[in-house]
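A look at the structure
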Amino acid sequence: MKLIDAEILENRQVLPGHKHIHARGILGSWLFRLNCPDIAREARPGQFLMVRCGPETTLPRPFSIHQAEGDDIALLYAVRENGRGTEWLSRQKAGTSVSILGPLGNGFAIDPKARNLLLVAGGIGIAPLYFLARQAVKDKRKVTLLYGTMDGNRYPVSPEIDVVVVTEDGSVGDKGFVTDLMPRLVRRAEQVFACGPMPMYRAMFNRQSQLKLKGKPVQISLEVRMGCGVGVCYGCTVKTKSGLKQVCKDGPIFELDEILWDELNL
Ligand SMILES: Cc1cc2nc3c(=O)[nH]c(=O)nc-3n(C[C@H](O)[C@H](O)[C@H](O)COP(=O)(O)OP(=O)(O)OC[C@H]3O[C@@H](n4cnc5c(N)ncnc54)[C@H](O)[C@@H]3O)c2cc1C
Ligand code: FES
């Protein structure tokens, strides 16, 4: 783990924003590329960085590693309505630098025997799964990416990944939610990896039999508020079947049925 000032190579908007009925709106999504050789070399899919987001925010913000190539790391972040940290980040220019700490957390674990993987991305949840998908394809695994968005605006995925799109407004692919397509796609996967909003995880947990997830190994990336990112403040503690866990150190990747969802106040 390294704390460094990394040069910003690129920071550009890649997706437009949208309003959300149930949650805070999103002003858009940005791709953020940084030069940080030491972190890029160590980074594994599912790990994250803590990024200091300007003088007005005391706490750094956690973001999943979206790509690690050569000396560079990329993040893909959504700018939240009234989100002080992400709004500040979106204003930063190439050629300046930001302070980052990472790579942090445990990362996804692919079973060496698993050949067929299903990756389930809800919205900006594509960020860490894109890194995982590319790695798995490089290792000659068959990857299906089930990618759910609100409308037809979605992040471009490289052609070697088999993508199944579902949109809430039905403008592209099937109309509905990722969970609607799971019963069909889960069957042939030996492992499932998911990243998305909390209601998606709750639906996956509560409807395991209906979604054909019962008995399948399912790993999820859990998003909770973080203070330090390194196991010091206990701000990210969650209850699991094996006791209290810190999401920043023991996670953010957990088995779906390891979390005590009824006790999680999110
Ligand atoms: C392990 C991990 C990985 C993440 N990866 C990504 C990613 O790849 N792309 C992305 O767009 N977002 C990601 N997030 C969510 C991201 O951290 C928040 O969107 C961001 O912190 C919002 O900051 P803000 O200052 O704009 O919002 P504010 O509302 O001003 O933030 C206030 C506080 O709430 C926290 N917070 C707000 N929203 C969230 C959230 N959804 N999850 C966790 N904490 C939140 C902030 O960190 C901050 O401490 C990740 C979160 C975690 C825990
Ligand atoms: S964020 Fe401080 S202990 Fe996890």
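Along each chain, the written sequence defines residue order, and numbers are assigned to residues from 1. Following the order in which they are written, the chains are lettered starting with A and the ligands numbered starting with 1. With pLDDT at 70 or above as the cut-off, local features in this predicted model cover only qualifying residues; side-chain atom pairs require 80 or more to be listed or tallied, and sums for whole chains, interfaces and linings still use all residues.

1. What about the sheet that holds strand β5 (residues 67–69)?
Judged by pairing direction, the sheet is antiparallel, and its seven strands sit side by side in the order β4-β3-β7-β1-β2-β6-β5 without closing on themselves. The strands lining the two open edges of the sheet, one partner per strand, are β4 (61–64) and β5. Across the sheet, the mean angle separating the axes of adjacent strands is 35° when strand polarity is ignored. Of the strand pairs in this sheet, strand β1 (residues 2–18) and strand β2 (residues 26–35) are connected by nine bridges, and their pairing is antiparallel. Looking at β2, one finds that histidine 18 is bridged to isoleucine 26. In this description, any two residues whose backbone-derived C-beta atoms lie within 7 Å of each other are considered to be in contact. For helices, the axis comes from a line fit to the C-alpha atoms of the stretch in contact; other axes are also lines fit to C-alpha atoms, and the angle between any two N-to-C directions lies between 0 and 180 degrees. Numbering of helices and strands runs from the N terminus, with a helix taken as a DSSP run of H or I at least four residues long and a strand as a DSSP run of E at least two residues long. Relative to β5, helix α3 (residues 126–138) is tilted by about 40°, and along the sheet it contacts β4, β5 and β6 (72–80). Should DSSP find at least two bridges between two strands, the strands are regarded as paired.

2. Some remarks on the sheet that holds strand β16 (residues 253–255)
Read from one edge of the open sheet, seven strands run β11-β10-β9-β8-β12-β13-β16, paired in mixed fashion. Strands with a single pairing partner mark the edges of an open sheet, and in this sheet they are β11 (174–175) and β16. As judged from the seven bridges shared by strand β8 (residues 116–122) and strand β9 (residues 142–149), these two strands associate in the parallel manner. Across the sheet, alanine 121 pairs through a bridge with tyrosine 147, a residue of β9.

3. Focus: the domain arrangement of the chain
Note: domain ranges come from an automatic or database domain assignment. As far as domains go, the chain holds domain 1 (2–104) and domain 2 (116–221). Here domain 1 and domain 2 have C-alpha centroids that lie 23 Å from each other. Elements with a contribution of two residues or more to the side of domain 1 that touches domain 2: β1, β5 and β6. If you tally residues by element for the side of domain 1 that touches domain 2, the top one is β1, at four residues.

4. Here we look at the pairing of β9
Most of β9 is tucked away, with six of its eight residues classed as buried. With six bridges connecting them, β9 and strand β10 (residues 162–167) associate as parallel partners. The residue bridging tyrosine 147 from the neighbouring strand is valine 165, located in β10. Here a residue counts as buried when 20 or more other C-beta atoms sit within 10 Å of its C-beta, as exposed when there are 12 or fewer, and as partly exposed otherwise, the C-beta atoms being derived from the backbone.

5. Observations regarding the nonpolar core
Ranked by internal contacts, the top residues of the largest apolar core, which has 72 residues, are Leu49, Ile100, Leu119, Leu129 and Val192. Per-element accounting of this core gives the leading share, eight residues, to α3. Of the residues that make up this core, three or more belong to each of domain 1 (2–104) and domain 2 (116–221). Joining buried Ala, Val, Leu, Ile, Met, Phe, Trp, Tyr and Cys residues through C-beta atoms within 7 Å gives a set, and that set is a nonpolar core.

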